[in-house]
Structure formats: structure tokens, C-alpha cells
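As a plain string of letters, each chain reads:
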Amino acid sequence: MDVAQLQLNIYSSLEHMTSNTAAQEALKELNNLIDISTLYSQYAEKFDLAECQLAIIHCAGHHDTLLVQKLWRQLLAQEINSSLHLPQVSVMSSLRNKIVTLGNSYQTAEKFFPLQFIVHQLELISCKRGWEEGWVLDTMLQIPISHSALHGAYTCLVQLKLPCWEQLGAPFHLHTALSLLLTSYVNHLKTAPLLQRKHVMSQIHDLIDAHVVDLQASLSTGHDRTSALSRFKALQAEFNRY
């Protein structure tokens, strides 16, 4: 994306801030081409345009892990807040469309589309708001992100054992998401060439067995553990029929 397009995107964003006097004044200044550093500091950052900030640092090739994470957290919150007046299904649809659009833009630039971090943030949002199971997975697959990449991200998140899931009363939320992912992965592989399918299916079988052992060894109890364990056992039984 060139600097002129970045400036146009900022202009478009500021146009919607009709009640912000400073933003309306800034529109006049943006009628002339401005350098990328000024666009970032005096416009994108000043007016909290997280999506524009992300686009600028991507264009400039400037990578700062903490800044990228901050911008993703901010733009997700902004997208949700902008649609809170809508029915929940519309909020979900709006956020999904935004993620898919940004995913298509940054998917090949992993530093600016930190998959594990984004999945974690979206699963937190989904859990807190009681959205349907599989919403995050379906969103990621629409970009599309591969099943193997998603499994890597979810597995890392599960292994971190972050306290936020206990605090939300859903300690096995990610295990449930993993079971849905592996179910989708198995269905996807049914159309793959036989040799490839056999190799990957064997790996998935081992993964499922490992997740079952992990859940059975857990001292925690609760509906989400029972649900996740049931899903993995169902997958396990399906594999045993092969």
C-alpha cells in the first residue's frame, strides 16, 4: 500500500468523526500529500486510528511486537464498540468481516498478523460474550488460515495454561475449540490424496490421544471439561473405526 492510499484511508476514517472538531480540522490539512512519519504521529496515532497505524507500520516495514499486539487489541475493541447498537449476530458478522479482510491483507506478513495472539484475543471475546462455539475457527478458516497453522496456535495457547480461562469460568474453553478444529481438519482431509491423508491422519490420531490423556489427568471438573472430553473421545472412537 503506498503513502497516498494510507493518507486516503486516514482521511476516510476522520470523515466519520463528525463530532470531533480536531478531526474535522485535520481533514483540511490532509488535502496535501503528507510524509508517512507525520501521517502516523499527527493523524493515525493522534486520533487512535489503530487500523491505519497498523497499515502504516506494515508499509514502513517497522516491526515492534508489543506495538502490533497493542494495535490488534485496540482495533478489535474499536470494531466491537462501533457495532454495539446492533444485534449480537450483526456484531459477530461485522467483526468476522473485519478479521477476514485484515487477514487477507497481512496473512503473508506474519509479524503484522500474529496468529496466536489474534486467536487468543478472539477466543476471549467469544467466551466473554457467549458467542457460538467455533466462531473463531470458522472466521480463521474463511481467510483462509490452514488447519495445521491453527492447530499450532491453539496447542501453544493450551500449553500456556493462562489463568484468564479459570477466571472466566471456562478452564477448558480452548480444549473445546481444539476438538472442533480437529473435527474440521479430519473432514477436510477426506478429500486429500490417500498417501497424504494417511500420514496426516496418523498424526491427528496421536494428537487426539494426547488431548484425551491431558483432560483425563486434569484435577478440574466442570461442564466444559466433560464436553471437551466427550468431543475428543468421539473423535477417538471415529479413528478407531478406520
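What you are looking at is a predicted structure, and each value in this text was computed from that prediction instead of being measured.

Calculation notes
- Residue positions are counted from 1 within each chain, in the order its sequence is given.
- Local features are withheld for residues below a pLDDT of 70 in this predicted model, meaning they are given only at 70 or higher, and side-chain atom pairs are given and counted only at 80 or more; totals for whole chains, interfaces and linings count all residues.
- With hydrogens and water excluded, all non-hydrogen atoms of the structure serve as input to the side-chain values.
- In this description, a nonpolar core means a group of buried Ala, Val, Leu, Ile, Met, Phe, Trp, Tyr and Cys residues linked to one another through side-chain atoms lying within 4.5 Å.
- Think of it in three bands: residues with accessible area under 20% of the maximum for their type are buried, residues over 50% are exposed, and the middle band is partly exposed, with areas taken using a 1.4 Å probe on protein chains only.
- Pairs of residues are marked as contacts when any of their non-hydrogen atoms sit within 4.5 Å.
- Salt bridge, as used here: a side-chain nitrogen of Lys or Arg that lies within 4 Å of a carboxyl oxygen of Asp or Glu.
- Helix numbers and strand numbers start at the N terminus; a helix is a DSSP run of H or I with at least 4 residues, a strand a run of E with at least 2.
- When the centres of two rings from Phe, Tyr and Trp lie within 6.5 Å, Trp using its six-membered ring, the rings pair. Their planes under 30 degrees apart give stacked, over 60 give edge-to-face, and anything left gives tilted.

Visitor: Would you take a moment to explain the nonpolar core for this structure?
Guide: Within soluble globular proteins, side chains that are nonpolar generally end up buried alongside one another. Membership of the largest hydrophobic core comes to 81 residues, with the highest contact counts inside it found for Ile-10, Leu-14, Trp-72, Leu-122 and Met-140. If we ignore the near neighbours within four places in the chain, the residues touching Trp-72 are Leu-54, Ile-99, Leu-102, Phe-112, Phe-113, Pro-114, Phe-117 and Ile-118.

Visitor: What is the right way to look at the pattern of salt bridges in this model?
Guide: Opposite charge on two side chains permits pairing when their charged atoms draw close. Summed over the entire model, instances satisfying the criterion amount to three salt bridges. A salt bridge links Glu-25 to Lys-28; the nearest nitrogen and oxygen atoms lie 3.3 Å apart. With a gap of three residues between them, Glu-25 and Lys-28 both fall in helix 2 (residues 21-29), about one helical turn apart. In this structure Glu-25 comes out as partly exposed when scored by relative accessible area, which is 40%. For Lys-98, the salt bridge goes to Glu-51, with nearest N and O atoms at 2.8 Å.

Visitor: Please clarify how the packing of aromatic side chains should be interpreted in this entry.
Guide: Two aromatic rings are characterised by how far apart their centres lie and by the angle between their planes. With the rule as written, the count across this model stands at two aromatic pairs. Note on Trp-72 and Phe-113: the rings are 5.5 Å apart at their centroids and 80 degrees apart in plane angle, and the pair reads as edge-to-face. Of this pair, Trp-72 sits in helix 5 (residues 65-81) while Phe-113 is found in the loop between helix 6 (88-106) and helix 7 (115-129), placing the two residues 41 residues apart along the sequence. Phe-113 carries the same exposure label as Trp-72, and that label is buried.

Visitor: Looking at this model, I keep getting lost on unusual backbone geometry. Mind explaining?
Guide: The general pattern is negative phi for most residues beyond glycine and trans for most peptide bonds. Of the consecutive residues Ile-143 and Pro-144, the connecting peptide bond is found in the cis state with omega at 5 degrees. With a phi close to 55 degrees, Asp-48 is a non-glycine residue in the positive phi region. Residue Asp-48 is classed as partly exposed on the basis of its relative accessible area, which comes to 45%. The phi dihedral of Lys-161 falls on the positive side, at around 50 degrees, and the residue is not glycine. Relative to the helices and strands, Lys-161 is located in the loop between helix 9 (147-160) and helix 10 (164-167). Looking at Lys-161, the relative accessible area reads 60%, which means it is exposed.

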